Amino acid sequence: MDLAYIPSPSTGVIHLGPVPLRGYAFCIIIGVFVGIWIGSKQWRARGGQPGTVADIAIWAVPFGLVGGRLYHVITTYELYFGEGKNWIDAFKVWEGGLGIWGAIALGAVGAWIGCRRRGVPLPAYADALAPGIVIAQAIGRWGNWFNQELYGKPTDVPWALKIDNGLDNGTFHPTFLYESLWCVGVGLLVIWADKKFKLGHGRAFALYVAAYCAGRVWTEYLRIDEAHHIMGLRLNVWTAIFVFILAVVYFVVSAKVRPGREEIVEPQETAAAAESDSDDEGPKDEKKADLKKKDADDSESGTDSESAPESESASDSESEKSGGTAVKTEKG
């Protein structure tokens, strides 16, 4: 008899009249908004504009959702294609099934497009967004709880997950919870390391990828859902190992080739600020020129007024001399 366990929801859907509200979709949506909010704070701390992260996310999020779904469908094609299967189900994202590997890969393509349009370096954007992405994953994992899916091996630990979905009945390892907590830890690690070591040029993102993959290996090992195996290991375990190695190599090489952090993350903003400063200085320069001209005019006026009395005195003196000479002439 299990004295303690985590209950599963009886349903993952709440109907508001004719509109179905699905717990899985809510977790994904909330995760996206929280991720963008955290990413915006990180971006502003690096000197970027407040709205940049959201503007680029308009490209990255749709690409990420499509990539995540494509990865899931491709790696579990037997669920959607073949005898007795309906390929239309491949489009039912709300029923679960988003592969993080595809979401990050294709989401990066969307982010690259957005960064190009905005004039922002992709590595700097990825660094700022890394903590937000992994926290979004932590929230999104709770969608698996609503759908009663992706749980681990049977167990009787106090935090076991109670499953009754028509396929399995009992208590199992809550791998969704393990991964969610791991993602929160990774997010805090990236924020701390980025602040302490001033990570730049994509290294904060590489740290997130490597740390996440390390946790994904052991949570994936606990799972019992159907998956393709290669040499006795689940496909996602091999994927996590491969991506982990790539992230570590990038982190080490990048630190040697391009140490430090980008000084300017939004060149367009800097140029606009410089242009604004020059516009502000323009009227000041004109004002100074006007003042100089006015002083010059005043100086010239002063000179004219001083020379006028002198001319008058000279004329009077000459008149007096002429008068004196005339008197003398008369006397003589």
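For the structure, see preceding data.
Since we're looking at a predicted model, the values are computed, not measured. (Residues numbered from 1 in each chain as written. Predicted model: local features only at pLDDT ≥ 70, side-chain atom pairs only at ≥ 80, totals over all residues. Heavy atoms only, no water.)

J.: So what's going on with the overall build of the chain? Which residues, and what values?
T.: Counting its regular elements, the chain contains nine helices and six strands. Considering the chain as a whole, with its 332 residues, one finds that 36% of them fall into the buried category. A separation of at least 24 residues holds for 73% of the contacts in the chain among residues at least 6 apart in sequence. Of the roughly 19900 Å² of accessible surface on the chain, a fraction of 64% belongs to carbon and sulfur atoms. (Helix = DSSP H or I, 4+ residues; strand = E, 2+ residues; numbered from the N terminus. Buried < 20%, exposed > 50% of the residue type's maximum accessible area, 1.4 Å probe, protein only. Contact = heavy atoms within 4.5 Å. Areas by Shrake-Rupley, 256 points an atom, 1.4 Å probe, with all protein chains shown as cover.)

J.: Explain the pairing of strand β3 (residues 161-164) to me, using residue names and the numbers behind them.
T.: Only one face of β3 is buried: it carries L161 and I163, and the other face, with K162 and D164, is open. In the sheet, β3 pairs with strand β4 (residues 169-172) via four bridges, with the strands oriented antiparallel. For I163, the partnering residue across the bridge sits in β4 and is G170. Where β3 hands over to β4, the hairpin turn is made up of four residues, of which G166 adopts a positive phi near 90 degrees. (Pairing = 2+ DSSP bridges.)

J.: Before we move on, can you summarise the environment of V61 with the specific residues and values?
T.: Of note, V61 is situated in helix α2 (residues 52-75). For the pair V61 and A103, spaced 42 residues apart in the sequence, the C-alpha separation amounts to 8.6 Å.

J.: Give me the packing of aromatic side chains: which residues, what numbers.
T.: In total, this model carries 11 aromatic pairs according to the counting rule given. Residues Y151 and F172 carry aromatic rings whose centres are separated by 5.0 Å and whose planes lie at 45 degrees to one another, so their mutual orientation is tilted. With Y151 in the loop between α5 (142-147) and β3 and F172 in strand β4, this residue pair connects regions lying 21 residues apart in the sequence. Of the residues examined, Y151 reaches a relative accessible area of 7% and is grouped as buried. For F172, a relative accessible area of 6% corresponds to the buried category. Between the aromatic rings of W182 and W218, the centroid separation amounts to 6.1 Å while the plane-to-plane angle is 75 degrees, which identifies the pairing as edge-to-face. Separated by 36 residues along the polypeptide, W182 in helix α6 (residues 175-197) and W218 in helix α7 (residues 203-222) bring together distant segments of the chain. In this structure, K196 packs its charged tip against the face of F197, placed 5.8 Å from the ring centre. (Phe/Tyr/Trp six-rings, centres within 6.5 Å; stacked < 30°, edge-to-face > 60°. Lys NZ or Arg CZ within 6 Å of the ring centre and 35° of its normal.)

J.: Explain the pattern of salt bridges residue by residue, including any values.
T.: Overall, the coordinates contain 11 salt bridges when judged by the stated rule. For R234, the salt bridge is made with E220, and the minimal N-O distance between the two is 2.9 Å. Remark: E220 occurs in helix α7 and R234 occurs in strand β6 (residues 233-234); sequence separation between them is 14 residues. The closest approach of N and O atoms between R223 and D225, which form a salt bridge, is 3.1 Å. Assessed through its relative accessible area of 11%, R223 is described here as buried. Members of the salt-bridge network, linked through shared partners, are R216, E220, R223, D225 and R234. (Salt bridge = Lys/Arg side-chain N within 4 Å of Asp/Glu carboxyl O.)

J.: Can you lay out the pairing of strand β2 (residues 19-22) for me, pointing to particular residues and giving the numbers?
T.: Pairing between strand β1 (residues 13-16) and β2: four bridges, direction antiparallel. For H15, the partnering residue across the bridge sits in β2 and is P20. Between β1 and β2, which pair antiparallel and follow one another directly, the connecting turn spans two residues, one of which, G17, has a positive phi of 65 degrees.

J.: Hey, could you go over α6 for me, with residue numbers and the actual values?
T.: An ideal rise of 1.5 Å per residue puts 33 Å on 23 residues; α6 measures up with 32 Å between its terminal C-alpha atoms. Inspection of α6 places T175, F176, L177, Y178, E179, S180, C183, V186, G187, V190, A193 and D194 among the buried residues, and these make up the whole buried set. Each element contacted by the buried residues of α6 is listed here: α1 (23-45), α4 (122-140), α5, β3 and α7. Just beyond α6, the residue with positive phi is K198, at close to 50 degrees. (Expected span 1.5 Å × (residues − 1).)

Keep in mind these numbers describe shape, not what the thing actually does.
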